[in-house]
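Each chain is listed here by its residues.
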Amino acid sequence: MTREEAWQLVGDNVQAAGLRRHMLSVEAAMRAYARKLGGDVELWSLAGLLHDWDWEIHPTLETHVVDGTPTLREKGVPEPVLQAILSHNEAATGVPRRQPMDFALLACDEVTGLIIAAALVRPSKDVRDVELKSIKKRWKERIFAAGVDRDHVEKATAEFGAACFGGQLDLWDHVSTVLAAMKDVAAELELDGRLAAAPSPPPPAT
Ligand SMILES: [Fe+2]
Ligand SMILES: [Fe+2]
């Protein structure tokens, strides 16, 4: 499956702009880590871009990935990519993380949510204005990016470090890598300031 075909599949099945942005963000992060770790850039990127493609058609933790993967297999998505996608919902699929790509995918998944939230709270709505220190500061504010489970992020980062960095991957080095990767694709993420220019909707009629 080419990148273009994968993006088409996402476009056909994902309506929510936020979910598309999430997958593009994880794709960028996976590309960065493939380069860093000598992984296959195309495969790692594909895993990031496709990992939640079926969320709107299978919107429960029990069915997400479980019911979507046969379709990906039919469409010729390579097995290592399927393995990575299956293992990001191990609780439902029973597929554990094995390859470096699997650990990277899980570790990048939620971190992108923190960064997107940090970009969207800025008046500029531009991810290129986000600094690591502001994410660090907000990390302890439970109300900030409340959907991002901090314990889960720490655990996934530690596992990724153990599997791919000889046991050492500092959480903030990790966030910094993902942030840099997302800044590189700011326009694709529509986090390049264009949302700041959008007129605010009129107040609801009473
Ligand atoms: Fe998912
Ligand atoms: Fe995800």
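Each remark here, short or long, concerns the structure printed above.
Described in the following lines is the structure provided in the data block.

Procedures and definitions
Residues numbered from 1 in each chain as written. Chains lettered and ligands numbered in written order. Predicted model: local features only at pLDDT ≥ 70, side-chain atom pairs only at ≥ 80, totals over all residues. Heavy atoms only, no water. Helix = DSSP H or I, 4+ residues; strand = E, 2+ residues; numbered from the N terminus. Buried < 20%, exposed > 50% of the residue type's maximum accessible area, 1.4 Å probe, protein only. Contact = heavy atoms within 4.5 Å. Donors = N, O, S within 2.8 Å, 3.2 Å for Na, K, Ca; no water. Tetrahedral: all angles 85-135°; square planar, octahedral: opposite > 155°, others 65-115°. Core = buried A, V, L, I, M, F, W, Y, C linked by side-chain atoms within 4.5 Å. Salt bridge = Lys/Arg side-chain N within 4 Å of Asp/Glu carboxyl O. Phe/Tyr/Trp six-rings, centres within 6.5 Å; stacked < 30°, edge-to-face > 60°. Lys NZ or Arg CZ within 6 Å of the ring centre and 35° of its normal.

Examined against the element boundaries, Leu-50 turns out to sit in helix 3 (residues 41-50). A residue is classified by how much of its surface remains accessible, and Leu-50, at 0% relative accessible area, is buried. On a C-alpha basis, the gap between Leu-50 and Leu-24 in space is 9.0 Å, while along the polypeptide they are 26 residues apart. Setting aside anything within four residues of it in sequence, one finds Leu-50 in contact with Met-1, Ala-6, Leu-9, Val-10, Met-23, Leu-72, Val-77 and Ile-85.

The next point concerns the coordination of the iron ion (ligand 2). Bound to the iron ion (ligand 2) are the protein donor atoms His-22 (NE2), His-51 (NE2), Asp-52 (OD) and Asp-109 (OD), situated 2.1 to 2.2 Å from the metal. Note that the iron ion (ligand 2) binds 4 donor atoms; their angles at the metal cover 84 to 175 degrees, and the shape is irregular. Taken in chain order, the donor set of the iron ion (ligand 2) reads H-x28-H-D-x56-D. In this structure the iron ion (ligand 1) is found 4.0 Å away from the iron ion (ligand 2), and Asp-52 serves as a bridging donor for the pair.

Protein-derived coordination of the iron ion (ligand 1) comes from Asp-52 (OD), His-64 (NE2) and His-88 (NE2), at a distance range of 2.0 to 2.3 Å. Counting along the primary sequence, the residues that act as donors to the iron ion (ligand 1) give the motif D-x11-H-x23-H.

If you look at soluble globular proteins, the nonpolar side chains tend to sit buried side by side. Judged by nonpolar contacts, the single largest core of 67 residues is most densely connected at Met-30, Leu-50, Ile-115 and Ile-135. When contributions to this core are tallied by element, the ones reaching two or more residues are helix 1 (3-13), helix 2 (17-37), helix 3, helix 5 (79-87), helix 7 (100-120), helix 9 (150-164) and helix 10 (171-184).

Under the criterion given, the structure shown has 11 salt bridges. A salt bridge links Asp-126 to Arg-128, with the nearest nitrogen and oxygen atoms 2.8 Å apart. Look at the salt bridges and you will find they share partners, linking Arg-3, Glu-27, Arg-31 and Glu-188 into a network.

Time to look at the packing of aromatic side chains. According to the stated counting rule, one finds 4 aromatic pairs in the structure shown. A ring pair is formed by Tyr-33 and Phe-160, whose centres lie 4.9 Å apart and whose planes are at 85 degrees; its orientation type is edge-to-face. On the criterion of sequence distance, the pair formed by Tyr-33 in helix 2 and Phe-160 in helix 9 is long-range, its members being 127 residues apart. Summarising the burial analysis for this pair, Tyr-33 and Phe-160 share the class buried. Summarising the aromatic geometry, the rings of Trp-139 and Trp-172 are spaced 5.5 Å apart at their centres and angled 80 degrees between planes, so their arrangement reads as edge-to-face. Of this pair, Trp-139 sits in the loop between helix 8 (132-138) and helix 9 while Trp-172 sits in helix 10; the two residues are 33 residues apart in sequence, bridging distant segments of the chain. With relative accessibility at 15%, the residue Trp-172 sits in the buried group. Ring pairs connect the aromatic residues Tyr-33, Phe-160 and Phe-165, which therefore count as one cluster. Over the ring of Trp-139 we find Arg-150; its NZ or CZ atom is 5.5 Å from the centre of that ring.

Remember that the coordinates give geometry; whether it matters functionally is a separate question.
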